[in-house]
Amino acid sequence: MLAFLFNIRRLTIAFLLCVLTSNSSSDIFFDPARAFQQDFYVQSNLEFTLLHELAHAVIELNDIPILGGQEQAADQIALMLLMMADDFNKKDINPDLLNKLLAISGEWMLVWEEEKHSPPVYWDTHPLAIQRFYEVTCLAYGSNPDKLEALRRDKILPVERAWDCDIEFEKTRQALAWLATKVTDFKFNKTWDLVRVKDSKGLFPGRINVVWIKPNSEEQKQIYRTLKSFTSLAEVLKRINSLLNLKTDITIYMEPFCRAPGAWWDGNKHSITVCYGLIKGFEKNVLLLPDLVKQLKSSE
Ligand SMILES: [Zn+2]
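Residues numbered from 1 in each chain as written. Predicted model: local features only at pLDDT ≥ 70, side-chain atom pairs only at ≥ 80, totals over all residues. Heavy atoms only, no water.

(A) Structural view of the pairing of strand β6 (residues 271-275). Counted residue by residue, β6 has 5 buried out of 5 residues, so it is predominantly covered. Of the two faces of β6, both are covered, the one formed by S271, T273 and C275 as well as the one formed by I272 and V274. In this sheet, β6 lies alongside strand β4 (residues 250-255) in parallel orientation, the contact comprising 5 bridges. When the bridges of β6 are listed, I252 appears paired with I272. Sheet topology places strand β5 (residues 263-266) next to β6; 4 bridges connect them, and they run antiparallel. Along β6, the bridge assignment pairs W264 with T273. The hairpin formed by β5 and β6 contains 4 residues between the paired strands, and H270 there has a positive phi angle of roughly 50°. (Buried < 20%, exposed > 50% of the residue type's maximum accessible area, 1.4 Å probe, protein only. Helix = DSSP H or I, 4+ residues; strand = E, 2+ residues; numbered from the N terminus. Pairing = 2+ DSSP bridges.)

Printed below as a string of structure tokens:
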């Protein structure tokens, strides 16, 4: 087990060194300076978090059957929604989207670093942070192996996993297409564009709304101002509202007063809570990246 963990750690070091110091083939797409720019990093991880919690909401409110665990399903739905948003899987790769995925995987990497000092419990429903890292990387790679060959060649994704990532992506995309037929008026056509096939919005008056809880301290007010300045938040919710058929409203509470940082879906209240502590954690983590890279470099 230790040897296995050690090998995983070596691969992780190889990844971080590669993406953060890359000057070869992968720098065409990856731009760590962009991905790890604080606002971009926080927005990307917030967007993923919201889509993950909304995936829980969609699964529960529509009695969607799940194989393989709710958390993996929510991660995959969130990632696919990001990737299918603008032809990422087709011939043109949007570099900003790739950097967004890099920001999300970077967060898993940092969480995994923290888990070394405070080991996670293995009975948790969430996969380990390092497994979520490989999930992001595999789906991204599988969406377009030709264009993202550097991920495999530079051993960011071990060849043993990379081998089947195109199949994993295809299966996940098929699942998303099936889900779309259950919870939207759209379906994917042969070229994987979303097309409207019915109009039943009248039967589904539910909307996703955001409620901002008034902050108290100066630190909370700063986070509030940062969150309010994120245009992507409103854009994501507008897009999901236009796609999703909801019988009832879902309320997203932007909450400064949580006991612990995090975000969660509450099926009884039909609400999603996003704690300011989580945002603070993203802001803190992105600042730790340069030191982590330095430390990993010196241990090479
Ligand atoms: Zn979850």
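(B) The pairing of β4, seen in detail. Of all the 6 residues making up β4, 5 are buried; the element is thus mostly covered by neighbouring parts of the structure. Direction of pairing for strand β3 (residues 208-212) relative to β4: parallel, over a ladder of 5 bridges. Bridged to V211 within β4 is Y253.

(C) Quick look at the state of the cysteines. Inspection of the entire model under this criterion finds 2 disulfides. Covalently, C138 is tied to C165 through a disulfide, its sulfur atoms 2.0 Å apart. One quick way to see it: the torsion about the S-S bond of C138 and C165 is about -120°, and its sign makes the bridge left-handed. Of this pair, C138 sits in helix α6 (residues 129-143) while C165 sits in helix α9 (residues 165-183); the two residues are 27 residues apart in sequence, bridging distant segments of the chain. Disulfides within the chain link the bonded cysteines, taken in sequence order, as 1-2, 3-4. (Disulfide = S-S within 2.5 Å.)

(D) How the structure looks around the coordination of the zinc ion. Protein coordination at the zinc ion comes from H52 (NE2), H56 (NE2) and E71 (OE), with a distance range of 2.0 to 2.1 Å. On the accessibility criterion, H56 (10% relative accessible area) is buried. The exposure class of E71 is buried, given its relative accessible area of 10%. (Donors = N, O, S within 2.8 Å, 3.2 Å for Na, K, Ca; no water.)

(E) Structural detail: the packing of helix α3 (residues 38-61) against helix α11 (residues 231-243). Packing of α3 against α11 leaves a shortest axis separation of 10 Å and a crossing angle of 25°. In terms of axis orientation, α3 runs roughly parallel to α11. You can see that α3 and α11 cross each other, and the crossing is right-handed. Only T231, S232, L233, V236, L237 and I240 of α11 make contact with α3, whose side of the interface consists of Q43, L46, E47, L50, L51 and L54. (Axes fitted to C-alpha atoms, helices over the stretch in contact; angles between N-to-C directions. Parallel < 35°, antiparallel > 145°, perpendicular 65-115°, else oblique. Left-handed = near helix turned anticlockwise from the far one by under 90°. Contact = heavy atoms within 4.5 Å.)

(F) Expanded view of the packing of aromatic side chains. Applying the stated criterion across every chain yields a total of 5 aromatic pairs. Plain terms: the ring middles of F188 and W192 are 5.3 Å apart, the flat faces sit at 50° to each other, and that makes the pair tilted. What makes F188 buried here is its relative accessible area of 13%. By relative accessible area, W192 is classed as buried at 15%. Both rings, one in W212 and one in Y224, keep their centres 5.6 Å apart while their planes meet at 85°; by these two values the pair is edge-to-face. You can see W212 sitting in strand β3 and its partner Y224 sitting in helix α10 (residues 218-229), a full 12 residues away along the chain. The class of Y224 is partly exposed, set by a relative accessible area of 27%. A cation sits over an aromatic face here: K116 above W112, 5.3 Å from the ring centre. (Phe/Tyr/Trp six-rings, centres within 6.5 Å; stacked < 30°, edge-to-face > 60°. Lys NZ or Arg CZ within 6 Å of the ring centre and 35° of its normal.)

(G) Quick look at the environment of G206. Relative to the helices and strands, G206 is located in the loop between β2 (194-196) and β3. Along the backbone, G206 and N241 are 35 residues apart, and their C-alpha atoms lie at a distance of 8.7 Å. Setting aside anything within four residues of it in sequence, one finds G206 in contact with L246, K247, T248 and D249.

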